Amino acid sequence: MSTESSSNNSTQPVRFFHRGRIVDVSGVHPTRSVLDWLREDAHCTGTKEGCNEGDCGACTVVIGELASDANAPGTVGGLQLQTVNACIQFLPTLHGKALFTVEDLKAQCAAAQPQDNRKHAVHTLHPVQQAMVDCHGSQCGFCTPGFVMSLWSAYEHHQAEGTQPTRQQLADELSGNLCRCTGYRPILDAGQRMFDLPAVRLDTKPVVAALTALQNDGLDYAAPLGARIDHFHAPRTIAQLAALREQKPRAQLLAGSTDVGLWVNKQFRDLGDIIYVGDVAEMKTIETRQNDEGGELYIGAGASLEAAFEALVQRVPSLTDVWLRFASPPIRHAGTMGGNVANGSPIGDSPPVLMSLDAEIELRRGDAVRRMPLPDFYIDYMKNQLQPGEFVQGLAVPLAAMRRQVRAYKISKRFDCDISALCAGFAIELEQGSDTVKAVRLAFGGMAATVKRAANAEAALVGKPWTQASVAAAKLALAQDFKPLSDMRASADYRLQVAQNLIQRLWLETRAEDALSLEETSVWSVMPHAAVKAAAEGA
Amino acid sequence: MNKPIDARLLQPAEAFADYLTNTAARIDPAAEALAHDLGARVGISRPHESAHLHVAGEATYIDDIPELTGTLHCALGLSPAANGRVTALSLDAIRAMPGVVTVLTADDIPGTNDCGSIVHDDPILLPVKDGGEIRYLGQPVFAVIAETREAARRAASRAKEAMTIEAQPPVLTPQDAHARGQYVVPPMHIVRSGGSANEGDEAAVRAAIAKAPHRHKSTLDVGGQEQFYLEGQISYAIPKEGGALHIHCSTQHPSEMQHLVAHALHLQSNEVHVECRRMGGGFGGKESQSALFACVAAIAARQLQRPVKLRLDRDDDFMITGRRHCFWYEYEVGYDDEGRILGAEITMVSRAGHSADLSGPVMTRALCHFDNAYWLPNVAMHGFSGKTNTQSNTAFRGFGGPQGAIAIENIMDSVARELKRDPLDVRRVNFYGKAENNVTPYRQTVTGNIVHELVADLEASSGYRARREEIAAFNQKSVVLKRGLALAPLKFGISFNVKHFNQAGALVHVYTDGSILVNHGGTEMGQGLNTKVAQVVAHELGVSFERVRVTATDTTKVANTSATAASTGADLNGKAAQDAARQIRERLAESAAERHGGKASEVRFANDKVEVNGRSLAFSTVVGEAYLDRKQLWSDGFYATPGLSWDKDKMQGRPFYYYAYGAAVSEVIVDTLTGEWKLLRADILHDAGKSLNPAVDIGQVEGAFIQGMGWLTTEELVWHPQSGMLTTHAPSTYKIPTANDCPPVFNVRLFEGQNFEDSIHRSKAVGEPPLLLPFSVFFAIRDAVSAAGGHRVDPPLKAPATSESILRAITAVQSA
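Residues numbered from 1 in each chain as written. Chains lettered and ligands numbered in written order. Predicted model: local features only at pLDDT ≥ 70, side-chain atom pairs only at ≥ 80, totals over all residues. Heavy atoms only, no water.

A. Expanded view of the overall build of chain B. Scanning chain B for helices and strands turns up 23 helices and 29 strands. Taken against the 2.2 N^0.38 rule, which gives 28 Å for 816 residues, the C-alpha radius of gyration of chain B at 27 Å falls within 12% of a compact globule. For the C-alpha atoms alone, the extent of chain B along its principal axes is close to 80 × 80 × 55 Å. Across the 816 residues of chain B, 69% fall into the buried class. Working note: accessible area of chain B is about 25,800 Å², and carbon and sulfur atoms make up 51% of it. (Helix = DSSP H or I, 4+ residues; strand = E, 2+ residues; numbered from the N terminus. Rg over C-alpha atoms; globule rule 2.2 N^0.38 Å. Buried < 20%, exposed > 50% of the residue type's maximum accessible area, 1.4 Å probe, protein only. Areas by Shrake-Rupley, 256 points an atom, 1.4 Å probe, with all protein chains shown as cover.)

Dropping the structure here:
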């Protein structure tokens, strides 16, 4: 328990579904992590702490929420089930949700048994667990509960859809779970075997009933200043959020806490007032909107990275790799694209992609809404155009921009779940029937204090023929655009050399004649990601 | 001796093969089931004894033990500078922070302020009053004890404000330490000339190099590696009556923890009880380096007379503890037209860090593995353990062996390129002979050499030659991407280099209901040691696995244990447990024969049945009868590895009981524009002797392969060149492999054979040797880089071969 925690009777308990019942938690510090609550308060020690920063997956748990559309793809019996890292989720964000941990799985087997067999079934392992045993998927066992929960999430989703994952899909699902012992092969084996064992499914009915009751039980956090608990505000509508933001301009906005969680866990920052945007359903909107310029894809700032990238990749399949390589599934489930953009880190991977697509950022203060091209939003290192009381409401990507040839190249030490040394978002459009460059976008992360477009390199290409000579000129110009830093991820020289080479790759892949296929330019093309395949088949 | 190659395995496995194919290629469930029915309990792929607990989240790690009332928590205040002095410490502000109970410094240590395992040069807490020497950034200076872990961490994070520091520029690299002549242990040398067991003349070695038809001279950089055990360092110390202590410690070496805590507290060893049920990974990182945390928790618990838990945050774990030594090499070899190494001289300099820790033995093992699988008639090796202002480097799976062997492999690769021969051919002409050319530089005769047939088997099953041609054709056409292929063999010496460590004890209890409890001196860190030892006991007593339970390693049960290290866990403890079980079996047989007639020597134990004088009795019946007959139903067991010798001054002898062998073929694809790469396929054939548990051994082989691949590719440690701060101190910046790094085609087999030495059921140790298998990945990358330059020049590739390192090498070979 935090030494600063205080109990205030005027605030209300955090209520959520855990191990078959609704639990009430009062007087908890607003930044107490779900993991610490589980291990220290609830004495459920199955979930482990490996890194305390959302990078190892030992603390993976599954969060269940009432699905807005019970029949939508990806829902499981009326619930949306998603893995998250318990170490960087704050307990108050669980309100109204269900928390599933490794301790729940054997209980499901017991529940699935006839009454008189239940005592015996207490010792029966869930198919996910049994498959891990059968395939020798655990050695030291410390990462295992996290793997089990990631596998269980995949298990429930595929059972609901009547599908089975490929090994590649399993590897992608597990990209946020580190194992130091096995080398992963047996765990991937277990991910296949679990579907060959007699099925045990989560009975979602009592969960849905409990969450529905919670939603309707009159605990109203919707009042503009209604603090769920001390310093923790959870508005339900954008209007409430906007009002609260104006009244508390210094409050910390909180979405997925995939960055903010680290400020608390590693830097012991006191966040003061927190405004949690995760309960604002309108903020999660992702839709195509018509306008005079031929329409746009609108992504609410509260949409998860997973949902936002999925929407982009549906329209631009060449973004598949950068989607799957953006952190890990648990992080993408919790984190938002709006948060990634608003955070403004020079090594965030959304901004280069969005800039290559001419995205605009939508800001709101009170009722006033304004938009600007994303490059204009960033002023300097971690400085942006947000005024006091203003917040990022959404992102808008013109549909026309998505019809260009778009590429996103992420360079990092590891394929999965790594922070970019640099990340490039490129788009190019040639004049109809010629090789003249009509439009080009060369946006880079990791090359400067902010994500930005390479103005000189773009200028060197626009109106020029799309040839090796022009590429050479653009590569030279790029050295004027960026003076990157050296750090633990890469040296300045490497960053610049690769940034230049990526323009070369763009040309090789999009030149009018003899354009090279993905198989000829990407070492990752051997990985049969479903979406890449779809893109290849569509092309 | 070799299993005929399965025709199915000659075909390239399907990418992303399914689990049934994978299982069938690795183990033979039908044969194992038959053996099991016949009573065998070894050679069976039994799941890990805790697997059902792991998957349910019910396996208890130290932080999962229910806390006793009054438990306090500890966090360490770390030095923010890498070199210099702490001239003053003012802890009042920290003491006043919420929840803080007390702050301990070196002055609070009643006994010796040292937790060095061999050389006593490793302070537990920085001794401010005794000079205040700062050794590295991250060095523990004080310990905050608080009511909650968060309060302790929050207070300890204010360390910088509490210290007055005179900072000095740090010495960070092995080269820098070498140039200054600062070492943690004296330099070591092994010299052998004229292929002789008697001669060691450096001048003769140099002459052999000089007069060879060809010479090659170069340097190599190989980075270190963080263990990244998923469970961080943790100790939980509980005060007991009379000043004694009970410490739950995540450690590979409970006896050493016991001794060091006793020294720090001026206690006798019999007053310190150390226990470890399991670790969430160790990999060497909890061999010596769990000591500091055990000592601090113990000191606090003793002083406050309350239970104290010290569990490190991951970042602190990186900042405080050491890891695999990075090495820098400078070498020259002379060779003939076929690539035969006629003479070699090498200098190895390791980054030892601020104290000796295990750096001496690590260097010894590195020097003893430079030969790898090769006959080196004339060789001079010089090992320097550079003292640097960094964490004190320590054991990590392989313990210097990989660092020694990779140097000769790099040489083989370069020699082959210079001769324009296939590297496999060059490797092969250098292999140790079976009857001649078989004495190592440290004068041990290589016996039981199977490297020739093992490599031939793998060469065929992996389709090495055909793929070599196919890759050349691909590279001819491919503009951006280049593929590379390499086969790397290994020979690894098994035993501790220090003779007296090669001993173990065990206790076996048979209860009157026929259930069996086993305790031994080894520790379980995931490697399946308890599983194997339980199998040995079940086999010996002819009972089902379900009857046998292995309990926590405990200094009050088996005394004076060695570290679970050097891959010796099953060899030593398996033999000791077998010894104990055999004594009980003999007593049971005697008792059964007395009651039922027949000869004791003819009583048979199998499948929970005892065959005596033509009758078949239940095991539990025989046990019950023996109890009534007042037979001792528990026993100790002991084992000491025979035939070992080591003269550490001459660096000669027979340090190893036997050698384990293996080989791997890896194929990679490299992007010449970015240096990105991907492992496409790996084929492994590894020698585990007559495996005690094929599935567990396969798990060790595959795990070591992926782990070693991480060491040589993505896992990069970066210290800030000015401040000396380790900037890669968490999984966000230090990148171990993930599931997507497991190759899409992964063919892994155990070599069919047995240990020619009398090891436990003729098995071979398997923990460390396979860590050398991923050399094949590094050299496949080197091959692809070489292809990018038309195989004209030797790629200056350093390890880890990060994308940046690869692109730099590509740029170099293309512009050469």
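B. Quick look at the packing of aromatic side chains. All told, the structure shown has 26 aromatic pairs over all chains when counted by the stated rule. Ring centres 5.7 Å apart and planes at 35° place the aromatic pair Phe-232 of chain A and Tyr-276 of chain A in the tilted group. Placement of Phe-232 of chain A in strand E8 (residues 232-233) and of Tyr-276 of chain A in strand E10 (residues 274-276) is noted, with a sequence separation of 44 residues between them. For Tyr-276 of chain A, a relative accessible area of 5% puts it in the buried group. Every member of this aromatic cluster is reached through a ring pair, and the members are Tyr-409, Phe-426, Phe-444 and Phe-482 of chain A. Directly above the aromatic system of Tyr-236 of chain B lies the positively charged group of Lys-309 of chain B, at a separation of 5.5 Å from the ring centroid. The residue whose ring lies beneath Arg-324 of chain B is Trp-711 of chain B, and the NZ or CZ to ring-centre distance is 4.7 Å. (Phe/Tyr/Trp six-rings, centres within 6.5 Å; stacked < 30°, edge-to-face > 60°. Lys NZ or Arg CZ within 6 Å of the ring centre and 35° of its normal.)

C. Quick look at the confidence of the model for chain A. All names here are of chain A. Averaged over every residue, the pLDDT of chain A is 92; the share at 70 or more is 92%. For the stretch residues 1-10, pLDDT sits under 50, and the model shows 22 contacts to residues farther than four places along the chain or on other chains. For the stretch residues 535-539, pLDDT sits under 50, and the model shows 1 contact to residues farther than four places along the chain or on other chains. (pLDDT = per-residue confidence, 0-100. Contact = heavy atoms within 4.5 Å.)

D. Region of interest: the side chain of Thr-553 of chain B. Counting through the fold element by element, Thr-553 of chain B comes out in strand E20 (residues 553-554). In this structure the side chain of Thr-553 of chain B is engaged in a polar contact, spanning 2.7 Å, whose partner is the backbone oxygen of Gly-522 of chain B. (Polar contact = N/O pair within 3.5 Å; in protein donor to acceptor, adjacent residues only side chain to side chain.)

E. Looking closely at the pattern of salt bridges. All names here are of chain A. The full count for this structure, using the stated rule, is 89 salt bridges over all chains. One salt bridge connects Arg-167 with Asp-189, and the closest N-O pair in it is separated by 2.7 Å. One end of the pair, Arg-167, is in helix H6 (residues 167-173); the other, Asp-189, is in helix H7 (residues 185-193), with 22 residues separating them in the sequence. Each member of the pair, Arg-167 as well as Asp-189, is classed as buried. (Salt bridge = Lys/Arg side-chain N within 4 Å of Asp/Glu carboxyl O.)

F. Molecular detail of the pairing of strand E2 (residues 84-89) of chain B. Residue and element names in this part refer to chain B. Note: E2 against strand E4 (residues 133-134), 2 bridges, orientation antiparallel. Bridge pairing in E4 links Gly-84 to Ile-134. Of the strand pairs in this sheet, E2 and strand E6 (residues 163-167) are connected by 5 bridges, and their pairing is antiparallel. Along E6, the bridge assignment pairs Arg-85 with Glu-166. (Pairing = 2+ DSSP bridges.)

G. A look at the state of the cysteines. This structure, assessed with the given rule, holds 0 disulfides over all chains. With no disulfide of its own, Cys-56 of chain A lies closest to Cys-51 of chain A among cysteine sulfurs, the gap being 3.8 Å. Accessibility expressed as a relative area gives 2% for Cys-56 of chain A, which makes it buried. Between Cys-115 of chain B, a cysteine without a disulfide, and Cys-295 of chain B, which holds the nearest cysteine sulfur, the sulfur-to-sulfur distance is 5.6 Å. Assessed through its relative accessible area of 7%, Cys-115 of chain B is described here as buried. (Disulfide = S-S within 2.5 Å.)

H. Structural context of unusual backbone geometry. Residue and element names in this part refer to chain B. For the peptide bond that leads from Ala-799 to Pro-800, omega is 5°, which places it in the cis range. With respect to the helices and strands, the residue Pro-800 is situated in the loop between helix H22 (775-788) and helix H23 (803-815). Backbone geometry places Gln-305, a non-glycine residue, at a positive phi of 55°. Residue placement: Gln-305 occurs in the loop between helix H11 (291-304) and strand E12 (308-311). Positive phi, normally seen in glycine, also occurs at Asn-372, with a value near 40°. Mapped onto the elements, Asn-372 comes out in the loop between helix H13 (359-367) and strand E15 (379-387). According to the relative accessible area criterion, Asn-372 is buried, its value standing at 0%.

I. Structural detail: the sheet that holds strand E1 (residues 14-18) of chain A. Residue and element names in this part refer to chain A. On the basis of which strands lie adjacent, the open sheet formed by 6 strands has the order E2-E1-E6-E3-E5-E4 and mixed pairing. Both edges of this open sheet fall to strand E2 (21-25) and strand E4 (75-76), since each of them pairs with a single strand only. Where strand E3 (residues 60-66) lies against strand E6 (residues 98-100), 3 bridges are found, and the strand directions are antiparallel. Directly across from Gly-64, in E6, lies its bridge partner Ala-98. Helix-sheet contacts for helix H5 (residues 144-161) involve E3, E4, strand E5 (79-85) and E6, and the interaxial angle to E5 is about 160°. (Axes fitted to C-alpha atoms, helices over the stretch in contact; angles between N-to-C directions.)

J. A look at the interface of chain A and chain B. Opposite the 88 residues of chain A that make contact, chain B presents 93 residues. Taken together, both faces of the contact between chain A and chain B bury some 7,400 Å²; the carbon and sulfur share is 57%. Considering only the side of chain A, the residues that lose the most area to chain B are Arg-180, Phe-268 and Lys-413 of chain A, jointly responsible for 13% of the buried surface there. Taken together, the links from chain A to chain B amount to 15 salt bridges. Of all the secondary-structure elements, those providing two or more residues to the side of chain A that touches chain B are helix H4 (127-134), H5, H6, H7, helix H10 (260-267), strand E18 (405-411), helix H19 (492-510) and helix H20 (518-521) of chain A. Top element by residues in the side of chain A that touches chain B is H19 of chain A. It accounts for 8 residues. Split into classes, the residues belonging to the side of chain A that touches chain B amount to 38 nonpolar, 25 polar and 25 charged. (Buried area = accessible area lost by both parts, 1.4 Å probe. Nonpolar A, V, L, I, M, F, W, Y, C, P; charged D, E, K, R; others polar.)

K. Quick look at the UniProt feature "domain: Aldehyde oxidase/xanthine dehydrogenase a/b hammerhead" (unreviewed entry) in chain B. Taking the UniProt record as the reference, the feature "domain: Aldehyde oxidase/xanthine dehydrogenase a/b hammerhead" (unreviewed entry) is found at residues 56-169 of chain B. Secondary structure over residues 56-169 of chain B splits into 15% helix and 28% strand, and the C-alpha atoms at its two ends are 50 Å apart. (UniProt positions renumbered as here; feature names shortened; annotations may be inferred.)

L. Region of the structure containing the domain arrangement of chain B. All names here are of chain B. Along its sequence, chain B is carved into domain 1 (39-62 + 503-640), domain 2 (70-169 + 233-311), domain 3 (171-221 + 323-433) and domain 4 (446-497 + 648-816). The interface of domain 1 with domain 2 comprises 27 residues on the first partner and 25 residues on the second. Its largest share of buried area at the contact with domain 2, domain 1 owes to Ile-62, Met-525 and Thr-555, together 36% of the area lost on that side. At the boundary of domain 1 and domain 2, one finds 1 salt bridge. With its nearest N and O atoms 3.0 Å apart, the salt bridge here joins Arg-277 to Glu-49. Summed over the shared surface of domain 1 and domain 2, the result is 10 residue pairs in polar contact (both at pLDDT 80 or more). Looking at the side of domain 1 that touches domain 2, the elements that each hand over two or more residues are helix H4 (51-56) and E20. Looking at the side of domain 1 that touches domain 2 residue by residue, the class counts come to 10 nonpolar, 14 polar and 3 charged. (Domains from an automatic or database assignment.)

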